[in-house]
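A look at the structure
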Amino acid sequence: HVSRVASVSVNRAIFIKNSGHGSAFCIKHNISKSFIANSTFLGNKALYGGGVDVQSVKTVYLLRLKIIINSARIGAGIHLMKITFCSVVHSSFVHNKALYSGGAINAHDGAILKLYRLSLVTNFAMGSNGEGGAIQVTNIKNCSVINSTFVGNRAQKYGGGMSAQHGNSVNFYRVTFINNSVSVAGGAFSNRDNHYVHFFNSVFMSNTMNAIHIAHS
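Just so it is clear, the structure is predicted and the values come from calculations on it, not from any experiment.

**Points about a nonpolar patch on the surface**
Taken together, the side chains of Ile14, Ile16, Leu42 and Ile69 make up a nonpolar region of the molecular surface, amounting to roughly 360 Å² of accessible area. Assignment of secondary structure puts Ile69 in the loop between β8 (66–68) and β9 (71–74). Under the relative-accessibility criterion, Ile69 is labelled partly exposed at 47%.

Now the structure itself:
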């Protein structure tokens, strides 16, 4: 657990089968910059962010991570809260399981989230109200997903691949959704109350319970 320092940097680290209230690597409160690269998170368990939990940090860079078989109530791979800017780049998320939302990533109450070249495979949000089999974003002002692949992810309720709600804009550039599923709506993607949703050069194949679900309250 790291808090109240100017910046945090982690490179070439391995976190295996850590458990507790906090994640394998937890960063919180009034930190200007956080950088985690070339690291592996395998089989960790927590309430929030089984692999990585970052809260109230201005700038976060997550680069070339392997996030595998982690579990948590929210954000089994990565949990992000109150982040001004975050980029997750060249990373893979495989078979992570959240009880409530965000099998791979859960991000909420932040400004800018950029997800680039991610591989998200067989991640789950499996509670009765589970949303965002791979990714759940809530109240994020601007979210972009670029050159990424969602395969075989599942949520119990909304957004087998990804669920987004109560933000401003969500943009997809060259993103592929294959064989993602839900029990209610939005096998690939579910949007509720984001003002703008854009898809550019993206592919949807064999997703169940409708590929895209758009709703406004």
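Anyway, onward from the coordinates.
**Observations concerning the packing of aromatic side chains**
Within this structure, the stated rule accounts for 11 aromatic pairs. Ring centres 6.0 Å apart and planes at 55 degrees place the aromatic pair Tyr61 and Phe85 in the tilted group. Remark: Phe85 occurs in strand β11 (residues 85–94) and Tyr61 occurs in strand β7 (residues 52–63); sequence separation between them is 24 residues. Residue Phe85 is classed as partly exposed on the basis of its relative accessible area, which comes to 22%. Consider the rings of Phe189 and Phe199, whose centres lie 5.8 Å apart with planes at 80 degrees: the pair is edge-to-face.

**Describing the environment of Ser181**
Within the secondary structure, Ser181 is located in strand β21 (residues 181–182). Residue classification places Ser181 among the buried positions, given a relative accessible area of 16%. Between the C-alpha atom of Ser181 and that of Val57, which follows or precedes it by 124 residues, the distance is 33 Å. Not counting chain neighbours up to four residues away, the residues in contact with Ser181 comprise Asn153, Arg154, Ala155, Gly160, Gly187 and Thr208.

Cut-off values and rules
- Residues numbered from 1 in each chain as written.
- Predicted model: local features only at pLDDT ≥ 70, side-chain atom pairs only at ≥ 80, totals over all residues.
- Heavy atoms only, no water.
- Patch = residues over 30% accessible without salt bridge, like charges linked within 9 Å, V, L, I, M, F, W, Y side chains within 5 Å.
- Areas by Shrake-Rupley, 256 points an atom, 1.4 Å probe, with all protein chains shown as cover.
- Salt bridge = Lys/Arg side-chain N within 4 Å of Asp/Glu carboxyl O.
- Helix = DSSP H or I, 4+ residues; strand = E, 2+ residues; numbered from the N terminus.
- Buried < 20%, exposed > 50% of the residue type's maximum accessible area, 1.4 Å probe, protein only.
- Phe/Tyr/Trp six-rings, centres within 6.5 Å; stacked < 30°, edge-to-face > 60°.
- Contact = heavy atoms within 4.5 Å.

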